[in-house]
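Remarks on the overall topology
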Amino acid sequence: MAAHTSQSVAAAAGDDVGHTDAARGRGRRTDSGKRGGARRALATHWYAWAMIAPVVLVLGVIIGWPLVRGIYLSLTDANERNVARTIGANHIEATYEFVGLDNYVSVLGDPVFLQRLVWTVVWTVACVSVTFALGLALATMLNRDFRGRAAYRMALILPWAVPGFVSVFAWRFLFNRDNGILNKVLEGGGISAIPWLDDPTWAKLSVITVNVWLGVPFMMVALLGGLQSIPGELYEAAEMDGASAWQRFRHITLPGLRAVSMTVVLLSTIWTFNMFPVIFLLTRGGPGDSTEILVTQAFREAFIASPRDFAGSATWGVLILALLMIFALVYRRSLRKQGEVW
């Protein structure tokens, strides 16, 4: 009986060892399979890797190195007085020091950061919302057949074709308090002149108006392409079933535009959040600092303040990047919860 029991235990132990060896063998095969799969993919698609290698290299030089340099500067006390510089024939070595996270603590604890952040968020949400609504309305109208549709499309795309700084300067002339066309029209109707760029509230409305005017063509073209990809048979079937125009728009148009919409909203948010030209060229952050956004504040720290604070500007830039990355991650997660793959 004891011998039989010992033989059973030995057999069970042998089975356990065999299972363990088999599992290890499967693990080794899996690891080697992964490595082999990577090698096969590289061998199969080597041409694609070779084609994108120059792009990756250029992006690494143009974006990667400045980003790393900016993060490093944000951890120092670099400014105009202690960086390396050459004056005449004399070269002065850099004397700035590593300070860790002191710059981030200083910026995040400054009430100015919260003020800039709040206005930047309001500016971004207002611009993206109005731009999307107008772009969708225009795209819906231009998706129908009517005489002169091509001419209307070209006219609405024109703001996108004009260089941004030219458009902003044109709007600055329109908003001029004394000689601007808008105030001349108002005065002709018996309405007193409006201080478009001299009053904080009107200045904020002005910069939002200009940015919307610049952004509508892109939004319209993108959404128009999405509308044209929706099969017309769906509208015909819904109309035959008695669906109203609003019901067709709600249950066919909006779901059909979901993939395009989530992309253009994300891109528009990132572009508007960093929209330096409109703010700087139209109001230069004024009147006072009422229209300063995060990116113009970073510019002010590096090029206008005295002494120029390179470490502070880099800190603002890294914080802007971090905020946009957080937004992109939250946006992506919310889309995944809705069943969208992005």
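Above this text is the structure in question.
The sections below set out a description of the structure shown in this document.

Definitions and cut-offs
- Residues numbered from 1 in each chain as written.
- Predicted model: local features only at pLDDT ≥ 70, side-chain atom pairs only at ≥ 80, totals over all residues.
- Heavy atoms only, no water.
- Axes fitted to C-alpha atoms, helices over the stretch in contact; angles between N-to-C directions.
- Helix = DSSP H or I, 4+ residues; strand = E, 2+ residues; numbered from the N terminus.
- Parallel < 35°, antiparallel > 145°, perpendicular 65-115°, else oblique.
- Left-handed = near helix turned anticlockwise from the far one by under 90°.
- Contact = heavy atoms within 4.5 Å.
- Nonpolar A, V, L, I, M, F, W, Y, C, P; charged D, E, K, R; others polar.
- Core = buried A, V, L, I, M, F, W, Y, C linked by side-chain atoms within 4.5 Å.
- Buried < 20%, exposed > 50% of the residue type's maximum accessible area, 1.4 Å probe, protein only.
- Phe/Tyr/Trp six-rings, centres within 6.5 Å; stacked < 30°, edge-to-face > 60°.
- 1 Å grid on protein atoms, 1.4 Å probe; cavity = no way out; pocket = protein on both sides within 12 Å on 5 of 7 lines; lining within 4 Å.
- Points joined across faces, edges and corners; volume = space filled by probe spheres on them.

Between helix H9 (residues 232–240) and helix H10 (residues 245–256), whose axes approach to 11 Å, the crossing angle comes to 150°. Between H9 and H10, the crossing angle belongs to the class labelled roughly antiparallel. In this structure, the crossing between H9 and H10 has a hand that is right-handed. Between H9, through Leu234, Tyr235, Ala238 and Glu239, and H10, the contact on the second element is made entirely by Arg248, Ile252 and Thr253. Per-class residue counts for the contact of H9 with H10 are 4 nonpolar, 1 polar and 2 charged.

This part covers unusual backbone geometry. Between glycine 286 and proline 287 the backbone carries a cis peptide bond, its omega angle lying at -5°. When you line up the elements, proline 287 lands in the loop between helix H12 (276–282) and helix H13 (294–303). For the bond running from serine 306 to proline 307, omega is -5°, close enough to zero to count as cis. Looking at where proline 307 falls in the secondary structure, it is placed in the loop between H13 and helix H14 (310–337). The backbone of arginine 284 sits at a positive phi, close to 55°, despite the residue not being glycine. Inspection of the secondary structure assignment puts arginine 284 in the loop between H12 and H13.

Ranked by size, the top nonpolar core spans 51 residues in total, and within it Trp123 and Val210 carry the most contacts. Mapped by element, the contributors of at least two residues to this core are helix H3 (102–108), helix H4 (111–142), helix H6 (164–174), helix H8 (200–228), helix H11 (258–273), H12, H13 and H14. When residues in this core are grouped by element, the largest group, 12 residues, is from H8. When near neighbours in sequence (up to four residues on either side) are disregarded, tryptophan 123 contacts Val207, Ile208, Asn211, Thr272, Met275, Val278, Ile279 and Ile293.

A word on the packing of aromatic side chains. Each aromatic ring pair is summarised here by two numbers: the centre-to-centre distance and the angle between the ring planes. In the structure shown here, the tally under the stated rule is 16 aromatic pairs. Residues phenylalanine 113 and tryptophan 316 carry aromatic rings whose centres are separated by 5.5 Å and whose planes lie at 55° to one another, so their mutual orientation is tilted. Of this pair, phenylalanine 113 sits in helix H4 while tryptophan 316 is found in helix H14, placing the two residues 203 residues apart along the sequence. When sorted by exposure, phenylalanine 113 lands in the same class as tryptophan 316, which is buried. Both rings, one in tryptophan 196 and one in tryptophan 202, keep their centres 5.2 Å apart while their planes meet at 75°; by these two values the pair is edge-to-face.

Of note, arginine 81 is situated in the loop between helix H2 (46–73) and strand E1 (85–87). On the basis of relative accessibility, which here comes to 61%, the residue arginine 81 falls in the exposed class. In the structure, arginine 81 is positioned 225 residues away from serine 306 in sequence and 9.9 Å away in space, judged by C-alpha atoms.

The subject of this paragraph is the layout of surface pockets. Of the pockets and cavities examined, the largest pocket occupies roughly 480 Å³. Lining of the largest pocket is provided by 14 residues; of these, Asn143, Arg144, Tyr235, Arg248 and Thr253 occupy positions nearest its centre. Counted as a void, the second largest pocket has a volume near 350 Å³. Forming the walls of the second largest pocket are 19 residues, and the residues nearest its centre are Asn211, Leu214, Gly215, Trp271 and Met275. For the lining of the second largest pocket, the elements supplying multiple residues, two or more each, are H4, helix H5 (149–161), H6, H8, H11 and H12. Counting residues per element, the lining of the second largest pocket draws most heavily on H8, at 4 residues.

A separate point is the packing of H11 against H14. Two quantities define a packed helix pair, namely the angle between the axes and the distance from one axis to the other. Taken N-terminus to C-terminus, the directions of H11 and H14 make an angle of 165°; their axes are 11 Å apart at the nearest point. Our classification of the angle between H11 and H14 gives roughly antiparallel. Here H11 and H14 pass one another in a crossing that is right-handed. The residues of H14 that touch H11, namely those facing Ser261, Met262, Val265, Leu266, Thr269, Ile270 and Phe273, are Ile320, Leu323, Leu324, Phe327, Tyr331 and Leu335. Split by residue class, the contact of H11 with H14 holds 11 nonpolar, 2 polar and no charged.

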